[in-house]
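# Summary of structural features
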Amino acid sequence: PPNEERAERRKRLPSLGSIPWMQMPVTVGLVALNALASLLVYLKFGGITDLGSLIASGANLKSATMAGQWWRLASSMFLHVGAAHLALNLYGLWVLGRLLEQMHGSLRTLAIYGVSGLVGALASTYLGGTATAVGASGAVMGLMGAAIAQLGVYRAHYPRRWVIPLFRMLLVLSLAQVAIGFFYPIVDQWAHVGGLVAGSLLAVLLSPNAKHLLPARTALAALLASFSMAFFAYAGVVAASSDYTETLRRYPQLDQEIAGLTLRVPSSWLRLSPKELYDPGVAALFEMQRLPIGDGLDAAIAKRLESEHQGGALRAGFDRAKPAPRSLIHLPSPWRGGELLVSVDDSSGVQRYRLLVVGRVFGDEIWLATYYHPAALSEGIEPVLGEVLQSARISAPPGEPPGAPPGAPQGEPEP
């Protein structure tokens, strides 16, 4: 009978070698789901390293998560930045998942993986790290913490000559992984620590050897595993159907003053300098200038595009720039502009951006804006960016009315 076979397998010493994959359904399934998620991102966007593509696919854009898109905690666990990141996490999942599935069974392993990954993503969101995060490392560290806890707390259930070397090796690996995170800011340290702690606690509570500690451990494991699978499925559906416009709509709108103008922008756009706003989650830069009328609006736009093409993009950190074959953002009247495609090869791979240069005439001056943003998010940005541009008005001292209210005529476009 199946129950007797599972009981017999649990009496055996866990193997670190070849194991029939049918005995490891959770590990095999999770490896397949992680690989499939990266494959789908690659097929849709042509790569798995681009920041905009990952955000559009469900990365943990922390400002958006805290604004209510909690599904990003789950969807981000199945996304990775490049082949090396994916391969490293899949290898850790394969090794640790098989070990834990032999010691705890499939149901408990799924519960530990799911809850550890979510706790790690939540810790990363609220306690620090980069503004946007992806990866299964929090969940994989949860499996490692669970294996360490099982071998440490319930070591009497295993032969001493087997358990001590394995316990020491896993403990050293986990400490080394945490230590590395202190030296490399790109490592999502809090996701690792959160996952490690959650996995350790869950293993102590859910272990088949915890009979007196938690009699209802099987029911709790079933509940946690079911919740994890349901949340993963929900996150996958929402990530596939949502767009970046919906994300931007979740942010409160705030007035920001730059270059003597007041604009109403999403709260994720932070003031970087007297002329610049910056969105750290998507690494987008918005700059505003007020120029004399000079040779006219079209000439000012063309001059700025040429300047960015010849060297401005290089100074901003990009290594390639070329004119965009077509515009992805349609501007509200009387704003006009043009676009460049810019990109850079960084440590993770190719990052693709668009540079939008837009302007309008107001009285005897030109308002000129440049906006660097991830190319994959252009279409989602369009509606909100139009509202930002339309909200531009001359700032006024406290107690005085603004130079022109949002939406009021502010000069005519040049012929």
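Let me begin by describing the structure that accompanies this report. Just so we're clear, the structure is a prediction, and the values are computed from it rather than from any experiment.

Tallied over the entire structure, the rule returns 10 salt bridges. Residue Asp255 pairs with Arg264 through a salt bridge whose shortest N-O separation is 3.0 Å. The exposure class assigned to Asp255 is partly exposed, which follows from its relative accessible area of 40%. On the basis of relative accessibility, which here comes to 38%, the residue Arg264 falls in the partly exposed class. The shortest N-O distance in the salt bridge between Asp255 and Arg393 comes to 3.3 Å. With Asp255 in strand S3 (residues 253–258) and Arg393 in strand S12 (residues 393–394), this pair connects stretches of sequence that are 138 residues apart. Several salt bridges converge on common partners, so that one network encompasses Asp255, Arg264 and Arg393.

Moving on: the packing of aromatic side chains. As enumerated under the stated definition, the model contains 10 aromatic pairs in all. Ring geometry for Tyr158 and Trp162: centres 5.6 Å apart, planes at 35°, overall tilted. For the residue pair Tyr158 and Trp162, the accessibility class agrees, reading buried in each case. Judged by centre distance (5.4 Å) and plane angle (10°), the rings of Phe318 and Tyr372 are stacked. With Phe318 in the loop between helix H13 (297–315) and strand S8 (320–323) and Tyr372 in strand S11 (residues 365–374), this pair connects stretches of sequence that are 54 residues apart.

The subject of this paragraph is the environment of Ser242. Note that Ser242 resides in the loop between helix H11 (217–241) and helix H12 (244–249). Along the backbone, Ser242 and Leu202 are 40 residues apart, and their C-alpha atoms lie at a distance of 33 Å.

Taken as a whole, this structure holds 1 cavity of 30 Å³ or more when the rule is applied. Volume-wise, the largest cavity comes out at about 100 Å³. In terms of lining residues, the largest cavity is bounded by 14 residues, among which Ser76, Ala121, Gly135, Asp188 and Ala191 are the most central. Elements with a minimum of two residues in the lining of the largest cavity: helix H7 (106–127) and helix H8 (137–153).

What follows concerns the packing of helix H10 (residues 189–206) against H11. It is at 9 Å that the axes of H10 and H11 come closest, and there the two elements cross at 140°. Taken together, H10 and H11 sit at an angle that is classed as oblique. Residues Leu202, Leu205 and Leu206 of H10 pack against Arg217, Leu220, Ala221 and Leu224 of H11.

Following both chains from N to C, one finds helix H2 (residues 25–45) and helix H6 (residues 82–104) inclined at 165°, their axes separated by 8 Å at the closest point. As judged from the angle between their axes, H2 and H6 are roughly antiparallel. Read as a crossing pair, H2 and H6 show a hand that is right-handed. Packed against H2, whose contacting residues are Pro25, Val26, Thr27, Val28, Leu30, Val31, Asn34, Ala35 and Ser38, the element H6 presents Leu86, Leu90, Leu93, Trp94, Gly97, Arg98 and Glu101 at the interface. Class assignment of the residues belonging to the contact of H2 with H6 gives a composition of 10 nonpolar, 4 polar and 2 charged.

On the surface, a nonpolar cluster with roughly 590 Å² of combined accessible area is contributed by Leu33, Leu36, Leu39, Leu40, Tyr42 and Leu43. Structurally, Leu33 is set in helix H2. Exposure remark for Leu33: the relative accessible area of 39% places this residue in the partly exposed category.

How each quantity is defined
- Residues numbered from 1 in each chain as written.
- Predicted model: local features only at pLDDT ≥ 70, side-chain atom pairs only at ≥ 80, totals over all residues.
- Heavy atoms only, no water.
- Salt bridge = Lys/Arg side-chain N within 4 Å of Asp/Glu carboxyl O.
- Buried < 20%, exposed > 50% of the residue type's maximum accessible area, 1.4 Å probe, protein only.
- Helix = DSSP H or I, 4+ residues; strand = E, 2+ residues; numbered from the N terminus.
- Phe/Tyr/Trp six-rings, centres within 6.5 Å; stacked < 30°, edge-to-face > 60°.
- 1 Å grid on protein atoms, 1.4 Å probe; cavity = no way out; pocket = protein on both sides within 12 Å on 5 of 7 lines; lining within 4 Å.
- Points joined across faces, edges and corners; volume = space filled by probe spheres on them.
- Axes fitted to C-alpha atoms, helices over the stretch in contact; angles between N-to-C directions.
- Parallel < 35°, antiparallel > 145°, perpendicular 65-115°, else oblique.
- Contact = heavy atoms within 4.5 Å.
- Left-handed = near helix turned anticlockwise from the far one by under 90°.
- Nonpolar A, V, L, I, M, F, W, Y, C, P; charged D, E, K, R; others polar.
- Patch = residues over 30% accessible without salt bridge, like charges linked within 9 Å, V, L, I, M, F, W, Y side chains within 5 Å.
- Areas by Shrake-Rupley, 256 points an atom, 1.4 Å probe, with all protein chains shown as cover.

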